[in-house]
Amino acid sequence: MSNSPMKERPLSPHLSIYKPMLTMMMSIVHRVTGVGLYFGMALFVWWLFSAAPSQSSFEFVQGFFGSGVGRLGWFGCPWALVHHALGGRRQLLWDTGRGFDLVKVEWMARATIAGSVTLTLLIWIAAYAAR
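Right, let's walk through the structure included here. Computed from a predicted model, the values in this text were never measured in an experiment.

Procedures and definitions
- Residues numbered from 1 in each chain as written.
- Predicted model: local features only at pLDDT ≥ 70, side-chain atom pairs only at ≥ 80, totals over all residues.
- Heavy atoms only, no water.
- Helix = DSSP H or I, 4+ residues; strand = E, 2+ residues; numbered from the N terminus.
- Rg over C-alpha atoms; globule rule 2.2 N^0.38 Å.
- Buried < 20%, exposed > 50% of the residue type's maximum accessible area, 1.4 Å probe, protein only.
- Contact = heavy atoms within 4.5 Å.

Looking at the overall build of the protein chain
For the protein chain, the helix and strand inventory stands at 4 helices and 0 strands. In sequence order, the protein chain lays out its α and β elements as α-α-α-α. Here the C-alpha radius of gyration of the protein chain, 22 Å, is well above what a compact globule of 131 residues would show, namely 14 Å. Viewed in the frame of its principal axes, the protein chain has a C-alpha envelope of about 80 × 40 × 25 Å. The 131 residues of the protein chain split such that 17% are buried. Sequence separation of at least 24 residues holds for 64% of the intrachain contacts in the protein chain that already meet a minimum separation of 6.

This is the structure:
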């Protein structure tokens, strides 16, 4: 054991040091969409279970989902699902050790954004067309 004084350890980097990058934001959005899907599933189960007790409880829940907040949630849940799934596929590719050069990383991040918005719009167009 040495009698020399302990060297000060460097402080851990934090957000005030890092310049926000698209891939960093995509990582944060991936986590947020995961949490959003959890709460979206709870709302879906609430909607399903509201039909059992009475017609009035189902109408109450239908009224909630017909409001602006409810419509935003109904639109946001498919987007969160698609965005989370595409982000997961990107992560799976990285787990294989591929796609790490900066051009591909940036391209995949942009493709995830564009793909999630496009696929969500296609889902809603198909849903309204089937209605």
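Resuming the write-up.
As for the side chain of Ser-50
The residue Ser-50 is located in the loop between α1 (22-49) and α2 (55-66) in this model. If we ignore the near neighbours within four places in the chain, the residues touching Ser-50 are Ser-57, Phe-58 and Val-61.

Distances and angles like these do not, on their own, reveal function.
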